Amino acid sequence: MTRHRTTRLLLAALAATTLSLGASSAHAGFAESLPKGTFLLDLQYHFSWLEGAWDNKGRMGPLIPVIERYEPGGGKQGTLIPDASVRYHILAIQLQYGILDWLAVGLGVPVVLRTEITPRLKWIPGDFQPQMGRPYSESDFWEWAESMGQPRPGRWVGNRGVLGDLVLGIRLRWSDWIPAFEQAGFASALTVTGALPTGRPADSEEVVAAGTTMWDLQTQGNLSIHLGFDKRFRTELDDRLTLGVEVFYDWFAPRRFDAPSGERNPLLMNFEPFIGTSYVIDPGDFVGASFQADVVAAKGPARAAWISGFDPARAHAFPPLLTLSVRYTFIHSCQTDYRSQSDLWDYTQEDRWRPGYRNILTFTALFSFLRLGAPLQIYATYRTLSLIPGRNARAADVFTAGMRVPAKFW
Amino acid sequence: MRGRWGLTFILLLAPLVAQSGCDEATQPAYVQVATLRGSAYERGFQHGERFAGRIRSLYTTLLTQSLMPYLNRERPDVASVLLRYQSAAEGVPDSYFQQWRDDCLATCERNCTELCGFSYLLMRDSAEHLKRYIPQPYLDEMQGIADGADLPFEKILILNTFFDTLLSFRSITYYIRQSQSPILVGAVFPSAAADGVDNDGDGQADEPGEGVFQPFEPSPYAALVEVPPDAPIHLHLHDIKLGIGTDKGDTPGVDPATVRIRHNDVQYQYPRDAGIITILPSPQDPQSLEVSFLPPGGFREAAVEAIVVQAGDFNRIVNPPPMRARFMRDERVVFSTRGYGQPRQAIPNQGLADGQTQPPSIAFASRGPATTNGEPLLAHHFALLDSNTTHKHTVLFVHVPDQGIPHAVLGYSGLVWGMSGMNAEGLAWTFNTSDTLDNPMVEAFIRELFDARLVGSGVPIGILGRDLLGRLGTVAQAVDTLRRVKPTFGWNVLVADASGDMAAVELDGNLEERPEGGAFVIRPEDRDGGEDGPFLGGLDQNGLHIASHYLKNLDDLTTRVLVFDLQPQRYWSSFYYRSVRARAVLGAGLRARHGTLDADTAIDLLRTPELVDQRDSMMAAVFTPRSLRIRYAMGQVPATDGAFLDFSLADALAPPEAE
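A. Summary view of the interface of chain A and chain B. Counting residues at the interface gives 54 residues for chain A and 52 residues for chain B. It is P72(A), F128(A) and L344(A) in chain A that bury the most area against chain B; as a group they hold 13% of the surface buried on that side. Where chain A packs against chain B, one counts eleven residue pairs in polar contact (both at pLDDT 80 or more). Mapped onto the side of chain A that touches chain B, the elements with two or more residues apiece are β3 (67-71), β4 (75-100), α2 (138-147), β11 (186-196), β12 (223-232), α5 (272-275), β17 (322-333) and α7 (343-350) of chain A.

Below is the structure:
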């Protein structure tokens with residue numbers, strides 16, 4: 001319940017927004033890079049909602065596997081379906097800088113503004129209980145649990161303005177060194193990002209809670225390597241189409257977490273006596289590929305203004321007024337490994353994080369006002385994991401609104 | 001130069017991807033085999049060192065997270081009778097429990113919910129009391145486990161004794177609860193009084209009182225035979241107020257709205273099925289309820305019919321929650337209708353498997369002509385408590401002691417004992433629970449009344465089994481020991497040896513000092529009711545089959561203490577009817593396999609769906625004492641759903657071959 005795949009925010013930020021601003025770079029893509037000496041400030045607001053997960057058979061189900069409850073020696077009380085509704089509000093601030101035309105660096109600062117988790121617990125009654133004259137109803141069960149000291153999980157709101165893992169990145173457009181690429185309309189870049197462990201893990205004592213680390217957000221690894229290729233059709237299609245493909249690998253660093261001792265949830269979260277005071281999660285890495293098409297819907301007028309040095313030719317080279325993009329991403333996620341003093345507990349946790357895959361569709365509309373003389377781009381993105389079935393993956397949907405401001409000081 | 005760097009970067013990807021282990025997690029083995037050698041302490045240390053994680057896991061998931069909080073809820077009910085367990089909540093701040101709790105909380109730093117709770121006090125006190133009955137080698141072994149696992153001895157002692165404590169405690173709390181619930185005091189078949197048939201098998205037809213069962217007597221056989229199928233049955237329910245417990249309701253009597261009657265596989269409930277269930281007026285007695293039942297179209301002709309009756313009272317128990325009426329135990333009445341043609345004793349009180357109750361533990365032993373090759377075997381399926389965790393901690397322990405007989409037991413990490421086992425001389429042992437109020441906790445209550453302490457006494461049953469296996473080689477020796485030992489509760493033991501000898505021994509606390517000494521021994525040749533009666537413990541002289549009720553010890557305890565009428569097992573135990581049914585199904589299965597029994601057919605029989613507790617099945621095994629082989633299934637629920645693994649004790653004990 002505490003791990004949420006909101007969106008690959010930071011990766012998207014570095015990969016998709018780096019950068020459509022170069023005088024020679026009219027489109028978004030996997031191989032764009034900031035022009036030398038250019039800064040770009042990118043502010044994004046992400047709203048993520050999560051209502052279910054793809055199970056091991058590729059069916060949409062609850063976020064957490066169902067829990068079969070048993071009365072000691074009294075048979076099955078019932079089946080608890082611990083579904084939940086999760087909302088994340090995140091602000092991502094990015095600053096990028098073009099060291100060279102083919103080399104850019106960036107810093108991403110994700111701040112979780114608020115996380116809300118609303119449990120939607122459901123109940124399937126179990127065995128007839130002779131001592132009650134009925135099977136346990138849902139309210140019976142929670143009365144029973146509360147009499148044993150276990151409160152019913154309620155709505156959780158937290159992470160108000162909490163920093164996530166900082167991201168540092170570098171992009172190298174190595175294809176610039178090979179003139180044949182440029183001549184054929186191809187470009188390729190290698191992007192490497194690394195996350196610093198500045199995020200906060202979820203409160204270990206809470207049944208329903210979320211943290212702000214990369215593991216919690218499930219967006220990208222602590223080390224992420226992307227190799228992207230773009231093909232532009234400058235002459236054939238009036239430079240209105242760019243096709244891109246990238247492959248990537250995301251490595252997650254093992255991380256140690258405090259074991260809950262059940263001080264607030266004595267039945268559900270009392271693991272410390274047998275797993276030890278802490279445990280390590282070694283998340284399953286991501287391997288995947290994306291395919292993207294950028295279509296220029298409207299190039300718009302080009303106005304020679306101060307940002308183009310009042311040069312009409314430079315203004316024409318700025319990105320078009322409206323670019324529409326669609327991206328398909330496939331991610332294979334590996335098995336997540338738990339390490340504690342109890343192999344039995346480890347397995348129960350690992351069972352929730354089996355290998356799987358995600359099918360992600362992303363739609364973006366990018367408005368660029370550079371041609372009009374304003375140093376501003378705004379964009380909106382809808383990213384969905386719920387449209388195409390996946391396996392062992394949470395089906396998060398994300399809406400993103402962002403703005404970019406380029407600047408060049410020398 | 002630049003190109004080389006770029007290429008290097010790109011090539012970085014390949015090894016990283018290649019190194020990414022992406023293997024799917026696999027379930028750790030829930031079944032382990034451990035051979036322990038040396039002194040008792042050394043064997044315990046090996047055990048504790050190897051299974052430290054599993055021991056902690058079992059303790060926490062079964063006791064801390066399941067049983068202890070569950071038992072904590074029983075304290076208010078218990079404290080209404082046993083005053084030393086009252087608390088400040090009941091206005092008694094200086095009670096034994098409250099003072100202990102206050103002291104505990106004042107010094108406790110971690111896990112205080114567990115360590116300062118009522119159930120921990122209960123388990124600890126009882127463990128300390130039981131300790132004096134445990135032979136020293138087993139205490140040494142526990143100390144070894146504690147040292148090997150780096151756990152306090154007290155926790156290992158509790159882990160090894162909670163089972164015995166729990167069952168005695170449960171019998172008391174269950175009985176207190178049942179004694180305040182409605183009771184089926186009578187069943188009347190009015191049509192049997194004038195049908196011209198001998199319905200009760202007494203040689204007379206329509207004599208006065210024929211068809212009247214008042215007081216109602218739970219029986220392993222049919223209540224009546226050849227009953228006219230078109231007439232109703234009248235049931236007399238009764239409910240009294242004892243003024244104890246946490247539901248001191250003022251309104252006595254049975255709530256008609258809670259009356260449920262299951263006829264074979266159809267459930268009827270009043271008032272939804274008024275007309276089928278008819279409430280008869282009984283204005284003179286507000287504590288009574290007369291119910292008439294006749295299914296639509298009447299009962300079937302020439303058939304065995306079963307009805308199961310349940311009702312609650314007008315009280316509403318609010319603590320422990322959830323709120324509910326006090327419900328009586330399901331009472332089952334079986335009878336045959338006109339034309340069936342079988343005597344009472346030939347019709348077991350079996351009823352239909354209704355899915356609402358699960359079968360309890362069973363065991364059987366066979367030999368000679370009953371088996372394929374004459375080799376004796378002993379089979380067992382134990383079911384009681386899994387709580388979705390126990391099955392993950394199973395271990396087949398082989399003990400090779402410095403002194404004594406090497407032996408194997410099927411048990412759990414952290415326990416020195418098991419549910420069954422066999423030794424190198426071919427003595428095999430199993431036990432089942434058998435509810436009884438003839439136990440040491442009740443003894444303490446009889447002796448000290450309101451000031452009684454809930455502590456067990458006697459040799460814990462599993463340790464008793466270890467003791468037999470470690471010292472004795474024959475059934476005769478085992479029976480002799482069982483006759484002399486003080487048990488902690490009611491148990492049905494089944495033992496067999498390589499010679500083919502076998503015995504069932506029904507144990508209780510012998511509070512009434514009967515001549516059997518608390519050990520009722522059943523041999524295959526024993527008959528019920530004289531030389532011409534049916535075999536008491538089996539189908540013939542070549543087998544015994546038991547479940548979780550007494551066959552011979554039918555009057556385990558009948559006495560009165562304060563307002564409580566303490567009664568024999570069959571009147572109150574929630575295991576009784578399902579145990580009677582399970583034993584009948586087991587008997588039918590044995591009959592069908594007579595002459596063909598071997599380990600495989602025994603396993604096939606253990607897997608009979610009507611004999612498998614789907615929720616709390618713990619482990620199943622077939623022992624062949626002559627060949628020293630064990631076929632065992634555990635590590636899943638039900639245990640019999642998994643493969644029966646083959647283990648040769650002889651091979652395990654053979655000296656390693658020289659290189």
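B. Quick peek at the nonpolar core. Residue and element names in this part refer to chain B. Of all hydrophobic cores here, the largest spans 137 residues; its most connected members are F431, L454 and V493. At 14 residues, helix α9 (residues 153-179) tops the list of elements feeding residues into this core. Excluding anything up to four places from it in sequence, V493 contacts W429, T430, F431, I461, L482, A503, A504, V505, L507 and I546. L184, V259, Y268 and V309 belong to the second-largest nonpolar core, a separate cluster that totals 31 residues.

C. View of the side chain of R354(A). Among the secondary structure elements, R354(A) is positioned in the loop between α7 and β19 (356-368). Here D351(A) takes part through its side chain, which lies 2.8 Å from a polar atom of the side chain of R354(A). Non-local contacts of R354(A), meaning those with residues more than four positions away in its chain, are made with N56(A), Q335(A), Y347(A), N392(A), E24(B) and A25(B).

D. Highlighting the domain arrangement of chain B. Residues and elements named next belong to chain B. Each assigned domain of chain B is listed here: domain 1 (2-56 + 359-653) and domain 2 (182-346). Between the C-alpha centres of domain 1 and domain 2 the distance comes to 36 Å. A combined buried area of about 1,100 Å² lies between domain 1 and domain 2, and 50% of that area is made up of carbon and sulfur atoms. The tally of links from domain 1 across to domain 2 stands at one salt bridge. One salt bridge connects E217 with R570, and the closest N-O pair in it is separated by 2.9 Å. Where domain 1 packs against domain 2, one counts seven residue pairs in polar contact (both at pLDDT 80 or more). Looking at the side of domain 1 that touches domain 2, the elements that each hand over two or more residues are α13 (569-572) and α14 (576-592). Counted by class, the side of domain 1 that touches domain 2 contains seven nonpolar, three polar and three charged residues.

E. Local environment of the packing of aromatic side chains. Residue and element names in this part refer to chain A. Overall, the coordinates contain 44 aromatic pairs over all chains when judged by the stated rule. An angle of 25° between the planes, with centres 5.9 Å apart, marks the rings of F141 and W144 as stacked. Here F141 pairs with W144, and both are found in helix α2, just three residues apart, close to one helical turn. W144 carries the same exposure label as F141, and that label is buried. Ring centres of Y279 and Y338 lie 6.1 Å apart, and the angle between their planes is 15°; on these two criteria the pair is classed as stacked.

Reading the values: rules and limits
Per chain, residue numbering runs from 1 following the sequence as it is written. Going through the entries in the order they are written, you letter the chains from A and number the ligands from 1. Totals for whole chains, interfaces and linings use every residue, but because this is a predicted model, local features are given only for residues with pLDDT of at least 70 and side-chain atom pairs only at 80 or more, for both listing and counting. To get the side-chain values, all heavy atoms of the structure are used, and hydrogens and water are removed first. We call two residues in contact when some of their heavy atoms are within 4.5 Å. Summed over both partners, the accessible area lost on bringing two parts together, with a 1.4 Å probe, is the buried area. Any pair of N or O atoms that falls within 3.5 Å is considered a polar contact. Within protein, one atom must be able to donate a hydrogen and the other to accept it, and sequence-neighbouring residues count only if both atoms are side-chain atoms. Going along the chain from the N terminus, every DSSP run of H or I of four or more residues is numbered as a helix, and every run of E of two or more is numbered as a strand. What is meant by a nonpolar core is a set of buried Ala, Val, Leu, Ile, Met, Phe, Trp, Tyr and Cys residues, joined one to another through side-chain atoms within 4.5 Å. Between buried and exposed lies partly exposed: a residue is buried under 20% and exposed over 50% of the maximum accessible area for its type, with that area taken using a 1.4 Å probe on protein chains only. As used throughout, domain bounds are those supplied by an automatic or database domain assignment. For this document, the term salt bridge refers to a Lys or Arg side-chain nitrogen within 4 Å of an Asp or Glu carboxyl oxygen. Residues are grouped as follows: Ala, Val, Leu, Ile, Met, Phe, Trp, Tyr, Cys and Pro are nonpolar; Asp, Glu, Lys and Arg are charged; all remaining types, including Gly, are polar. Any two of the Phe, Tyr and Trp rings considered here, Trp counted by its six-membered ring, make a pair once their centres fall within 6.5 Å; the pair's planes then place it as stacked at under 30 degrees, edge-to-face at over 60, or tilted in between.

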